[in-house]
Amino acid sequence: MSDPAAPPRSLAEALRVRDDASLAVLLRSRPDLITPVPTDLTQLATRAGTRASVVRALERLDRCALQTAEALAVAADPATYDELLSLMAGDEGDPAVTGALPHALATLRDQALVWGADDRLRLVRTARELLAPSPQHPSPTGLGPTVQEATAGMSPGRIQEIVTTAGLPSTHDAVSAVSSLTALFGDRRRMAALLTDAPEESREVLSRLVWGPPYGQVTADPAPRLRWLLDRGLLLPTAPGTVVLPREVALHLRAGRAHRTTEPLPPPVEASATHRPQVVDATAAGQAYTALATVEELLKDWDEGGPTVLRAGGLSVRDLKRTAVALDMSEPLAAFWVELAYAAGLLASDGEADERYAATPAYDEWLEQPAAQRWALLAETWLTATRTSGVIGGRDAKDRTLSALGPGLDRSAAPEVRHRVLTLLAGLPEGASPSAESVLARLRWERPLRGPQRDDDLRGRLARWTLGEAEMLGITGRGALSAQGRALLGMPLPEPLPEEPAGPGDKLPVHHRPAPPPEPLSPAEQATASATAARLLAPLLPEPLDHVLLQADLTAVAPGPLQRPLAAMLDVLADVESKGGATVYRFTPGSVRRALDAGRSASDLHAFLAEHARTPVPQPLAYLIDDVARRHGHLRVGAASAYVRCDDDAVLNEILADKRATGLRLRRLAPTVLAAQAAPAALLEGLRTMGFAPAAESAEGDVLITRADAHRTPPRTAPEPVPDGPPTPDATLLTAAIRAIRAGDLASTAPRKPAATGDSAAMTGGELPRTTSAETLATMQAAVLTGEALWIGYVNAEGAASQRVIAPVRVEGGFVTAYDHTADEVRTYPLHRITGVAELADDQI
């Protein structure tokens, strides 16, 4: 076994000397490493070095930690801490970098991207391959290859010419010549003297290449300014017509800095304006009320069956436009509310042959809840949903248009970005609204873009959408986080500060406060936070009214939100004419007939208006109700294909004489009955278009009552968010995983006594022990008497092989009962599944 005091020779050895707390930090920051749980620390180290896992880990580093990893990728392997500090801070030093580097390096160590002591820092091989410069994948540092890499393949004679021209003594071999040239370029004093003699035009060429890209094009006969650089190795050829600035030369010209701009500290989120907290909360509450009204209006419009479902799923462009017109808003906003209602489980497809979208039974339950609780459901759904309405109208990987309610709208990063943006807002003084650019700059520092992502800043777009959507939902007010928004994040409300209120355009000083952890809450914690947010919002919402103001022009004015029974009845009895602070309803013959079709009588309508009107019922409205009621049901339509019956044959004669009835193909069956070739619904609509007020009747002759909320989908569950990789493990899983990894590592690394010669096969590292059945049984029985621990190979019923360290307790009936150190429990194993057994060294268990 290796000496614990010796420096680790591999990542596995570095992990082996970590304590459990350090391993827990690693597994929590990189949860993909325990999916599934590794068998030992060697497998954990192998998995931590795979390309997919390293790429994922690099994408989650902040800019300072990523720049530190990029600097290590262009440093010697291994590198010392002082060499890394020089690459990050430069020859002149930078106090901010000096202070931030230990934390950045600790982050890389915690995530197993860097291992080794400060005098032998090593970047894991896969990370070095990803970040080191190459012609195909330029480094973010803008540096090129080293002298040794650039001169590989160059003829020894040419190398000696360069060394001599640079003023160095010639050597006997190319290796020492390259080393001599590298030492020259790394010596600040000698390099300064060499460049002092350079022509001004040559120094200009170097200045154009120093910060990258380091490659340039030359002709077969280079100009004198290029020839001077090529002769001294300050530019080295890499391919015909291509030269490169060696890394050592660039670092000298950069004064030792690997990056042009080092960003050790996160940019602050700047507050652009401040408002009184009461104004923020009141504004947010108004937006919350509008959000509830918008969702209700949307689903009310789809009560009798909404738009049809496209064959590929989702809404058509035409249906989305129609919905936007009905809601009086733009199509992107309409798409947001449609998607939010869908994510909350309030609408879905009905699953019928002619599949349509409609409200779900959960919508009716939602309507019965208090307004604050209904808002909390929408806000919590938005915070945790992965479906993103902002991408609607774009193209998927197969160049298909993304439609509302269709597939392909999930963006796994959306919940994390929303939570982080709101957390940044919570770090500002109470009532402060941030500038959008400062929020985006902070997010870019926390998760800098790499490679192809630079062309598609999804996190930036998600952040912009978050700021707008949070305002529409009432989580923020005037751009500042509201009290209910803080509660939704599970944060305590800030203490009130004794300060003068500032105007809307006043600038706020920047406060450097430690931001709360960005991790989202668990489902149970989120439910508690949502309940608290609803409790804070409830007093700020307007109280629903139980009355309206009737006017002589056949309109009713609702000066505020109405109680649900009153609002539901008015929606049937009248049409909404305008919305805003007050809602204006208009009574028409069609709307009154709609109420009569729903089973109300004229006396019911008069009583309803008298009860809920603060003003007397105008005479024109009373006449309208009586006139429509007198004619309502005078004609009856049933199914023959369809028929019309009326006690007054003069009315039927009038219908037959009307040219507009030609398409209905009517004929008289009796003095009071007409038969039609049209369906009952078409016949009803045709007669109403002609100015009549027919009523539908059942097969028994009773008037059919139709209700607006008759169509609902079967019970549906809300769509599940698509997780962004494996979930972060909880404490219980971490404890169990670390214990299993430790035990498996013990089994694979515990020293064994040398295998006996003879029939027993010699064991090599990593192989299962192999012994005969007789030897296995004899060794087990001896271990029961001596209490010694053994190393065994075991194959389970599924054929999976593993190594285990056990202490046998009893051997009988073809089974061995033993304390399994690998599983940390007593287990029983069939002897025929044990491949072999070996004794451990005396200084082990």
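Note that the structure is a prediction, hence the values are computed from the model and not measured.

Draft legend 1. A look at the overall build of the protein. A tally of helices and strands in the protein yields 33 helices and 25 strands. In terms of overall dimensions, the protein has a C-alpha envelope of 125 × 90 × 65 Å along the principal axes. Put simply, the protein has 845 residues, and 47% of those count as buried. Surface summary for the protein: the accessible area is close to 41000 Å², and the carbon and sulfur share equals 54%. Of the side chains in the protein, 85 bear a positive and 105 a negative charge, and the two mean positions are spaced by 4 Å.

Draft legend 2. Examining helix H22 (residues 436–446) more closely. Listed in full, the buried residues belonging to H22 are Ser438, Val439, Leu440, Arg442, Leu443, Trp445 and Glu446. Contacts made by the buried residues of H22 are with helix H5 (63–73), helix H21 (414–426), strand E9 (432–434) and helix H23 (458–473).

Draft legend 3. How the structure looks around unusual backbone geometry. Cis geometry marks the peptide bond from Thr35 to Pro36, where omega comes out at 0°. One can find Pro36 in the loop between helix H2 (20–29) and helix H3 (41–48). The omega torsion of the bond from Asp77 to Pro78 falls at 5°, within 30 degrees of zero and hence cis. Looking at the secondary structure, you find Pro78 in the loop between H5 and helix H6 (81–89). The residue Asp328 is not glycine, and still its phi comes out positive at about 60°. Checked against the element boundaries, Asp328 lands in the loop between helix H17 (317–327) and helix H18 (331–343). The backbone of Asp399 sits at a positive phi, close to 65°, despite the residue not being glycine. Residue position: Asp399 is located in the loop between helix H20 (371–384) and H21. Asp399 gets classed as exposed once you look at its relative accessible area, which sits at 52%.

Draft legend 4. Fine view of the pattern of salt bridges. Under the counting rule described, the total for this entry stands at 33 salt bridges. Across the pair Asp319 and Arg322 runs a salt bridge whose closest N-O atoms are separated by 2.5 Å. Taken together, the positions of Asp319 and Arg322, both in helix H17 and three residues apart, correspond to about one turn of that helix. Looking at Asp319, the relative accessible area reads 8%, which means it is buried. On the basis of relative accessible area, Arg322 is assigned to the partly exposed category, the value being 47%. Two residues, Arg586 and Glu577, come together in a salt bridge whose shortest N-O distance is 2.4 Å. Judged by relative accessible area, Glu577 falls into the partly exposed class, the value being 45%. One salt-bridge network, in which partners are shared between bridges, spans Arg158, Glu161, Arg227 and Asp231.

Draft legend 5. A look at the sheet that holds strand E3 (residues 215–217). Pairing within the open sheet is antiparallel, and its three strands lie in the order E3-E5-E4. Either end of the sheet is taken by a strand with one partner, and the two such strands are E3 and strand E4 (236–239). For this sheet, the mean angle separating the axes of adjacent strands, direction not counted, is 40°. As judged from the three bridges shared by E3 and strand E5 (residues 242–244), these two strands associate in the antiparallel manner. Bridge pairing in E5 places Gln217 opposite Thr242.

Draft legend 6. Quick peek at the sheet that holds strand E15 (residues 583–586). Spatially, four strands are ordered E12-E13-E15-E14 in an open sheet, and the strand pairing comes out antiparallel. On the outer flanks of this sheet lie strand E12 (549–551) and strand E14 (575–578), each paired with one strand and no other. For this sheet, the mean angle separating the axes of adjacent strands, direction not counted, is 30°. Taken together, the four bridges between strand E13 (residues 555–558) and E15 define a ladder with antiparallel strand orientation. Following the sheet pairing, Val557 is matched in E15 by Val584.

Draft legend 7. Layout of the confidence of the model for the protein. Of all residues in the protein, 90% attain a pLDDT of 70 or more, and the chain-wide mean is 85. Note on residues 497–517: pLDDT is under 50 here. Beyond four places in sequence and across chains, it has 28 contacts. Below a pLDDT of 50 lies the segment residues 756–765, which in the model reaches ten contacts outside its immediate sequence neighbourhood of four places, other chains included.

Draft legend 8. Spatial organisation of the packing of aromatic side chains. A complete count under the given rule lists four aromatic pairs for this structure. Measuring from ring centre to ring centre gives 4.8 Å for Tyr794 and Tyr829, while their planes differ by 65°; the resulting arrangement is edge-to-face. One end of the pair, Tyr794, is in strand E21 (residues 790–795); the other, Tyr829, is in strand E24 (residues 825–830), with 35 residues separating them in the sequence. Under the relative-accessibility criterion, Tyr829 is labelled buried at 3%. Over the aromatic face of Trp366 sits the side chain of Arg374, whose NZ or CZ is 5.4 Å from the ring centroid.

Draft legend 9. Representation of empty space enclosed by the protein in the model. Here the structure, examined in full by the defined rule, presents three cavities of 30 Å³ or more. In this structure, the largest cavity spans a volume of roughly 150 Å³. For the lining of the largest cavity, the secondary structure elements donating two or more residues are H18, H21 and H23. Looking at side-chain class alone, the lining of the largest cavity contains eight nonpolar, three polar and four charged residues. Every residue along the wall of the second largest cavity is listed here: Leu440, Leu443, Arg444, Arg447, Leu449, Asp457, Arg459 and Gly460. Going through the elements one at a time, H22 and H23 are the ones with two or more residues in the lining of the second largest cavity. With three residues, the single largest contributor to the lining of the second largest cavity is H22. Counted by class, the lining of the second largest cavity contains three nonpolar, one polar and four charged residues.

Draft legend 10. Representation of the packing of H20 against H23. Here H20 crosses H23 at 170°, and the two axes come no closer than 11 Å. With respect to H23, the element H20 is oriented roughly antiparallel. Residue-level inspection shows Trp375, Leu378 and Trp382 of H20 in contact with H23, the latter providing Thr466, Glu469, Ala470 and Leu473. For the contact of H20 with H23, the per-class residue count stands at five nonpolar, one polar and one charged.

Draft legend 11. View of the nonpolar core. If you look at the biggest cluster of nonpolar residues, it comprises 90 residues, and the most contacted ones within it are Leu15, Phe185, Leu234 and Leu235. Considering each element in turn, this core owes the most residues, seven residues, to H5. Those residues in contact with Phe185, other than ones at most four positions away along the chain, are Val147, Met191, Leu194, Arg232, Gly233, Leu234, Glu248, Val249 and His252. Counting 71 residues, the second largest nonpolar core, distinct from the first, contains Leu422, Ala463, Ile475 and Ala487.

Draft legend 12. Seen up close, the environment of Ser330. Inspection of the secondary structure assignment puts Ser330 in the loop between H17 and H18. Residue Ser330 is classed as partly exposed on the basis of its relative accessible area, which comes to 37%. Taking the C-alpha atoms as reference points, Ser330 and Leu320, separated by ten residues in sequence, lie 9.8 Å from one another.

Draft legend 13. Inspection of the environment of Glu149 at higher detail. Its place among the elements puts Glu149 in helix H9 (residues 147–150). Using a relative accessible area of 47% as the deciding quantity, one classes Glu149 as partly exposed. Separated by 72 residues in sequence, Glu149 and Asp77 place their C-alpha atoms 14 Å apart. From its side chain, Glu149 meets the backbone nitrogen of Thr146 in a polar contact 3.1 Å long.

Draft legend 14. Looking closely at the side chain of Gln67. You can see Gln67 is positioned in helix H5. Among the polar contacts listed, one links the side chain of Gln67 to the backbone nitrogen of Glu263, at a separation of 3.0 Å. Setting aside its immediate chain neighbours within four residues, Gln67 contacts Met88, His259, Thr261, Thr262 and Glu263.

Draft legend 15. Region of the structure containing the pairing of E13. Burial along E13 is two-sided: the face carrying Thr555 and Val557 and the face carrying Ala556 and Ala558 are both buried. In this structure, E12 lies alongside E13, joined through three bridges in antiparallel fashion. Bridge assignment links Gln551 to a residue of E13, and that residue is Thr555. Between the antiparallel neighbours E12 and E13 lie three residues, among them Leu554 with a positive phi of about 65°.

Cut-offs applied
One numbering rule holds for all chains: residues counted from 1, following each sequence as written. In view of the model being predicted, local features appear only for residues whose pLDDT reaches at least 70, and side-chain atom pairs are presented and counted only at 80 or more, with totals across whole chains, interfaces and linings using the full set of residues. To obtain the side-chain values, all non-hydrogen atoms of the structure were used and water was disregarded. By definition, any uninterrupted DSSP run of H or I lasting at least four residues is a helix, any uninterrupted run of E lasting at least two residues is a strand, and each is numbered from the N terminus. Burial classification: accessible surface area is computed with a 1.4 Å probe over protein chains only, and a residue below 20% of its type maximum counts as buried, one above 50% as exposed, and the rest as partly exposed. In these tables, accessible area is a Shrake-Rupley quantity obtained with a 1.4 Å probe, and a residue counts as shielded only by the protein chains included in the view. We score Asp and Glu as negative and Lys and Arg as positive, and we do not count His or the chain ends. The atom standing in for a charge is NZ when the residue is Lys, CZ when it is Arg, CG when it is Asp and CD when it is Glu. The contact criterion used throughout is that any non-hydrogen atoms of two residues lie within 4.5 Å. By convention in these notes, a salt bridge is any Lys or Arg side-chain nitrogen within 4 Å of a carboxyl oxygen on Asp or Glu. Pairing between two strands requires that DSSP report at least two bridges joining them. Interaxial angles span 0 to 180 degrees and are taken between N-to-C directions of axes, which are lines fitted to C-alpha atoms, for helices over the stretch in contact. A residue's pLDDT is the predictor's confidence in that residue, given on a scale from 0 to 100. Any two of the Phe, Tyr and Trp rings considered here, Trp counted by its six-membered ring, make a pair once their centres fall within 6.5 Å; the pair's planes then place it as stacked at under 30 degrees, edge-to-face at over 60, or tilted in between. Either the NZ atom of lysine or the CZ atom of arginine qualifies as a charge over a ring when it sits within 6 Å of the ring centre and within 35 degrees of the ring normal. Cavities and pockets are defined on a 1 Å grid built over the protein atoms alone: a cavity is a set of grid points where a 1.4 Å probe fits but cannot escape, while a pocket is an open set with protein on both sides within 12 Å along at least five of seven lines, and lining residues are those with an atom within 4 Å of any such point. Grid points are joined across faces, edges and corners, and a volume is the space filled by probe spheres set on the points. Polarity classes work like this: nonpolar for Ala, Val, Leu, Ile, Met, Phe, Trp, Tyr, Cys and Pro, charged for Asp, Glu, Lys and Arg, and polar for all others, with Gly in that last group. An angle below 35 degrees is read as roughly parallel, one above 145 as roughly antiparallel, one from 65 to 115 as roughly perpendicular, and any other as oblique. Put simply, a nonpolar core is a bunch of buried Ala, Val, Leu, Ile, Met, Phe, Trp, Tyr and Cys residues held in one set by side-chain atoms that sit within 4.5 Å of each other. Polar contacts, as used here, are pairs of N or O atoms within 3.5 Å; protein pairs need one atom able to donate a hydrogen and one able to accept it. Residues neighboring in sequence count only if both atoms are side-chain atoms.

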